[in-house]
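# Examination of the molecular architecture
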Amino acid sequence: MRIVRRFVFAVAFLVATVLLIRAAKQHGDFLFMFYPGILREVETFLSELTAKLDYVLWERLALICLIWAVITLLLDIILQENLLRWVSGVAAFLALLLCLFVGMSGLNRYAPSVAESMRLENRTDYSADELRKAAIYYRNGANEAAEKVGRGPDGQFRAAGFETLGEELGSGMKNMIRTSYVFGGSTAAPKKLNHFKRYSDGPSVYCCLTGECCIDPAVEDSAMPFLMSFEAARRMSIFRDGDAAFVAILACIASDSKDYNYSGYFMAYRLCMQALSELDPAEADTVAEGESEALRADLASAKYLPEHAVSGAWIDRVEKLDKKERGREMPEVPDAAALLVIWHKHLTEPAEAPAEESVEEPLAA
């Protein structure tokens, strides 16, 4: 009877997950009026609790769950118990985790683009000329910021320590919240990714179940402030990598910290150049000629680039798969390069004044 009950729980959690996804797809306009705000409050509460711990809570919980699964499996084999009991327990637990993940983070995949939330021009295409102008803008910003940061004997950028950068994380978010509510949420300091960094998909991880942002302390200095802001953006209910990268870049540029400023311009320039190199390699080479020596030295040693933030990312492929197989058109959203182009135009081009309505004079009596 216990085995049946566990399988029933697993099915119930899977059904709940499917219903959540269907609600996000079919009633997203209504759902996302309040869903991100609630999540921000929940994640802020969780991050404040786990910030008091000097270790990464989700790593220890994952280790405990793994040990529990192995021990119970061995006991069932030794005692010759019905293995369906172990399978049903694991199935119910995994279904619960999936339901919690979708409810606490995954549904944001169907949220409107951050451009729409910030009331910016929401488009996915851009010309090579627009991208070139944006790349030059961020290159000039990186050139200027590169002269204001600390450097080692080898001429490479040297950021402040991990703990110092963590304390400075909230500065840019707080400054940008005057621009849009999307920058609101927890700015608890990230923690160092320890035991599971070799198994993670990248140098940073965000766990929505504990509200913890974790960064590999071995990542290069030019990427560290950006990564801290990137994972903080994920904690603020910004799920797509392109949106999170864009929010992280703006927060870095708006920060009171020079290290964050440089990291923001640095990543913005690299993302634009990556896209420009695909569109027009000759123009990319021309733009690169304007790099300062300090910027060029950091580019030569840079390894990390948020590849999932540009077109061709795995999330884009998943959305295209949904379009093809499920027959329902997913909303197209701009990638990080498009968002950077949109922001550059927003900053440098005057907004068009709304056309005045013509008012006809009343006919004379």
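Relevant structure appears above.
All of the points below concern the structure found in this document. The written sequence of each chain sets the order in which its residues are numbered from 1. In keeping with the model being predicted, local features are shown solely for residues with a pLDDT of at least 70 and side-chain atom pairs are shown and tallied solely at 80 or more, while totals for entire chains, interfaces and linings include all residues. Heavy atoms from the whole structure form the basis of all side-chain values; hydrogens and water molecules are not counted.

### Here's the deal with empty space enclosed by the protein
- Think of a 1 Å grid over just the protein atoms. A cavity is a set of points where a 1.4 Å probe fits yet cannot get out, a pocket is an open set with protein on both sides within 12 Å along at least five of seven lines, and lining residues have an atom within 4 Å of a point. Grid points are joined across faces, edges and corners, and a volume is the space filled by probe spheres set on the points. Enumeration over the complete set of coordinates arrives at one cavity of 30 Å³ or more.
- Taken as a whole, the largest cavity holds about 50 Å³ of empty space.
- Every residue lining the largest cavity is listed: Ser 47, Thr 50, Ala 51, Ala 188, Ala 189, Lys 191, Gly 211, Glu 212, Cys 213 and Arg 235.
- Helix numbering and strand numbering both begin at the N terminus, where a helix is a DSSP run of H or I of at least 4 residues and a strand a DSSP run of E of at least 2. Of all the elements in the fold, those that place two or more residues in the lining of the largest cavity are α3 (35-50) and β3 (212-215).
- Residues are grouped as follows: nonpolar covers Ala, Val, Leu, Ile, Met, Phe, Trp, Tyr, Cys and Pro; charged covers Asp, Glu, Lys and Arg; every other residue, Gly included, is treated as polar. Grouping the constituent residues of the lining of the largest cavity by class yields four nonpolar, three polar and three charged.

### Thoughts on the sheet that holds strand β1 (residues 191-192)
- Reading across the sheet, the three strands line up as β1-β3-β2 and stay open at both edges, with mixed pairing between neighbours. Across the chains shown, the open sheet's two edge strands, defined by having one partner strand only, are β1 and β2 (204-207).
- In this analysis, two residues are considered to be in contact whenever any of their non-hydrogen atoms come within 4.5 Å of each other. Simply put, an axis is a line fit to the C-alpha atoms, just over the touching stretch for a helix, and the angle between two N-to-C directions goes from 0 to 180 degrees. On the sheet, helix α10 (residues 224-235) packs against β2 and β3 and is oriented at approximately 155° with respect to β3. The criterion for strand pairing is that DSSP finds at least two bridges linking the strands in question.

### Some thoughts on the nonpolar core
- Counting residues in each nonpolar core, the largest one holds 71 residues, and the members touching the most others are Met 118, Tyr 138, Phe 183, Phe 226, Phe 246 and Tyr 262.
- Top element by residues in this core is helix α12 (residues 258-279). It accounts for twelve residues. The set of buried Ala, Val, Leu, Ile, Met, Phe, Trp, Tyr and Cys residues whose side-chain atoms join them within 4.5 Å is what this entry labels a nonpolar core. Only protein chains enter the accessibility calculation, which uses a 1.4 Å probe; a residue whose area is less than 20% of its type maximum is buried, one above 50% is exposed, and one in between is partly exposed.

### Points about the pattern of salt bridges
- When a carboxyl oxygen of Asp or Glu is within 4 Å of a side-chain nitrogen of Lys or Arg, the pair counts as a salt bridge. Going through the model one piece at a time under the given rule, you end up with 16 salt bridges.
- Lys 133 serves as the salt-bridge partner of Asp 129, at 3.4 Å between the closest nitrogen and oxygen. On the criterion of helical spacing, the pair formed by Asp 129 and Lys 133 is a turn pair, its members being four residues apart in helix α7 (residues 128-146).
- Taking the relative accessible area as the measure of exposure, Lys 133 reaches 42% and is therefore partly exposed.
- Of the charged contacts in the structure, one is a salt bridge between Glu 144 and Lys 148, with a shortest N-O distance of 3.5 Å.
- Judged by its relative accessible area of 48%, Lys 148 falls in the partly exposed class.
- What you see here is one network of salt bridges that share partners, running through Glu 121, Arg 123, Asp 125, Glu 130 and Lys 345.

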